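One-letter residues, chain by chain:
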Amino acid sequence: MKAVAYYRVSTAAQGRSGLGLEAQREAVESLCQSRGWELTAPPFTEVESGKRADRPELLKALHRAKVTGATLVVAKLDRLSRNVAFLAALQDSGVKFIAADMPEANELTVHIMAAVAQAERKAISKRTQEALQAAKARGQRLGNPNGAAALRRAAKGNVASVDAIKSGAVSRADQMRPVIEDMQGRGIMSLGALAKALNDGGFVTARGGQWHASSVRNLLARF
């Protein structure tokens, strides 16, 4: 049996550092070795969000699997997509695929799990919007009231720039406070769990990156 490996990371930094890729590679290789499958080389690696379906490396991997009769192997289901419509189209393509974290799952199981994951992502987004609206209704000011003007003024000197960065961090914390409070109200308490929930919900840090326990700790310190 032949297998085609597909790996995906969400950020360019993860791709350059190998963060996440090594664990995916070990999971895929371990599964193939246990089943006596031959991994075709090279593997296909993508740096792209799981929310997007236009992924050229995945299309190449699917084409390779289809023309060679191989099985597409990923480390986890979410390396393919959290979008149920995309997974349904993948199933309709006729390409066999398997996730190392649940190798015994059938197509129905995969479809249900993908639907649940997508529903949870939508629910997080809806709860976040409701939390922001509730905060606004309480009179809580969200965002930087001075907008870009404050940043332009800050550019006049290094001290002012540092102050502006600090002010922006506090403003960002004000925006994120109702989001974090909503998550904590649902029992998501640890730094790691909060970071995962923020990433799953599509939230980014002030610099547009992914959340980690350390960045959540810094955020909470500004509340």
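Residues numbered from 1 in each chain as written. Predicted model: local features only at pLDDT ≥ 70, side-chain atom pairs only at ≥ 80, totals over all residues. Heavy atoms only, no water.

*Asks:* Help me out: how do you make sense of the overall build of the chain in this one?
*Replies:* Assigned secondary structure in the chain consists of 9 helices and 5 strands. For the chain, the succession of helices and strands along the chain, N to C, is β-α-α-β-β-α-β-α-β-α-α-α-α-α. Considering the chain as a whole, with its 223 residues, one finds that 36% of them fall into the buried category. Here the chain has roughly 12,500 Å² of accessible surface; of this, 55% comes from carbon and sulfur atoms. (Helix = DSSP H or I, 4+ residues; strand = E, 2+ residues; numbered from the N terminus. Buried < 20%, exposed > 50% of the residue type's maximum accessible area, 1.4 Å probe, protein only. Areas by Shrake-Rupley, 256 points an atom, 1.4 Å probe, with all protein chains shown as cover.)

*Asks:* Could you clarify how one ought to interpret the packing of aromatic side chains in this entry?
*Replies:* The description of an aromatic ring pair rests on the distance of the ring centres and on the angle between the ring planes. In total, this model carries 0 aromatic pairs according to the counting rule given. Taking NZ or CZ as reference, R25 lies 5.5 Å from the ring centre of Y7, over its face. (Phe/Tyr/Trp six-rings, centres within 6.5 Å; stacked < 30°, edge-to-face > 60°. Lys NZ or Arg CZ within 6 Å of the ring centre and 35° of its normal.)

*Asks:* Would you explain the environment of H63 in this entry?
*Replies:* Among the structural elements, H63 can be located in helix α3 (residues 56–68). Judged by relative accessible area, which is 53%, H63 ranks as exposed. Between the C-alpha atom of H63 and that of S93, which follows or precedes it by 30 residues, the distance is 9.9 Å.

*Asks:* What is the right way to read the nonpolar core from this model?
*Replies:* Among the nonpolar cores identified, the biggest contains 18 residues, and V4, Y6, L72 and L80 are the most heavily contacted of them. For this core, the elements supplying multiple residues, two or more each, are β1 (2–9), α3, β4 (71–74), α4 (84–92) and β5 (97–99). Ranked by residues supplied to this core, first place goes to α3 with 4 residues. Counting residues in each nonpolar core, the second largest holds 15 residues, with M176, V179, I188 and V216 among its members. (Core = buried A, V, L, I, M, F, W, Y, C linked by side-chain atoms within 4.5 Å.)

*Asks:* Explain the confidence of the model for the chain to me, please; I cannot follow it from the model alone.
*Replies:* Mean pLDDT over the chain stands at 76; residues scoring 70 or higher make up 70%. Ranking the elements of the chain by mean pLDDT puts helix α1 (residues 12–17) last, at 47, and strand β2 (residues 38–39) first, at 93. Per-residue pLDDT stays below 50 along residues 13–19; that stretch engages in 7 contacts with residues further than four places along the chain or on separate chains. Low confidence marks residues 160–168, where pLDDT is under 50. Its contacts with residues over four positions away, or in another chain, come to 6 contacts. (pLDDT = per-residue confidence, 0-100. Contact = heavy atoms within 4.5 Å.)

*Asks:* Where do I start with the pairing of β4 in this structure?
*Replies:* The two faces of β4 match: T71 and V73 on one face and L72 and V74 on the other face are all buried. Here β4 runs beside β5; their pairing, made up of 3 bridges, is parallel. Among the inter-strand pairings, V74 is bridged to a residue of β5, identified as A99. (Pairing = 2+ DSSP bridges.)

*Asks:* Looking at this structure, I do not really get the environment of V74. What am I missing?
*Replies:* With respect to the helices and strands, V74 occurs in strand β4. In this structure V74 comes out as buried when scored by relative accessible area, which is 2%. Between the C-alpha atom of V74 and that of Y7, which follows or precedes it by 67 residues, the distance is 6.4 Å. Once residues lying within four places of it in the same chain are set aside, the contact partners of V74 are Y6, V28, R79, L80, I98, A99 and A100.

*Asks:* In this structure, what is going on with the pattern of salt bridges? I would like to understand it.
*Replies:* The tally for this structure, following the rule as stated, stands at 3 salt bridges. Here E57 and K60 are joined by a salt bridge, their closest N and O atoms 3.2 Å apart. Residue E57 and its partner K60 are both found in helix α3; the two are separated by 3 residues, about one turn of the helix. Exposure remark for K60: the relative accessible area of 45% places this residue in the partly exposed category. Across the pair R186 and D182 runs a salt bridge whose closest N-O atoms are separated by 3.3 Å. Look at R186 and you get partly exposed, because its relative accessible area is 33%. (Salt bridge = Lys/Arg side-chain N within 4 Å of Asp/Glu carboxyl O.)

*Asks:* In this structure, what is going on with the packing of helix α8 (residues 191–200) against helix α9 (residues 213–221)? I would like to understand it.
*Replies:* Each pair of packed helices can be summarised by the angle the axes make with each other and by the distance between the axes. For the pair α8 and α9, interaxial distance at closest approach is 8 Å and the crossing angle is 100°. Considering their axes alone, α8 and α9 lie roughly perpendicular with respect to each other. Contact residues: L191, G192, L194, A195 and L198 in α8; A213, V216, R217 and L220 in α9. Of the residues belonging to the contact of α8 with α9, the class tally is 7 nonpolar, 1 polar and 1 charged. (Axes fitted to C-alpha atoms, helices over the stretch in contact; angles between N-to-C directions. Parallel < 35°, antiparallel > 145°, perpendicular 65-115°, else oblique. Nonpolar A, V, L, I, M, F, W, Y, C, P; charged D, E, K, R; others polar.)

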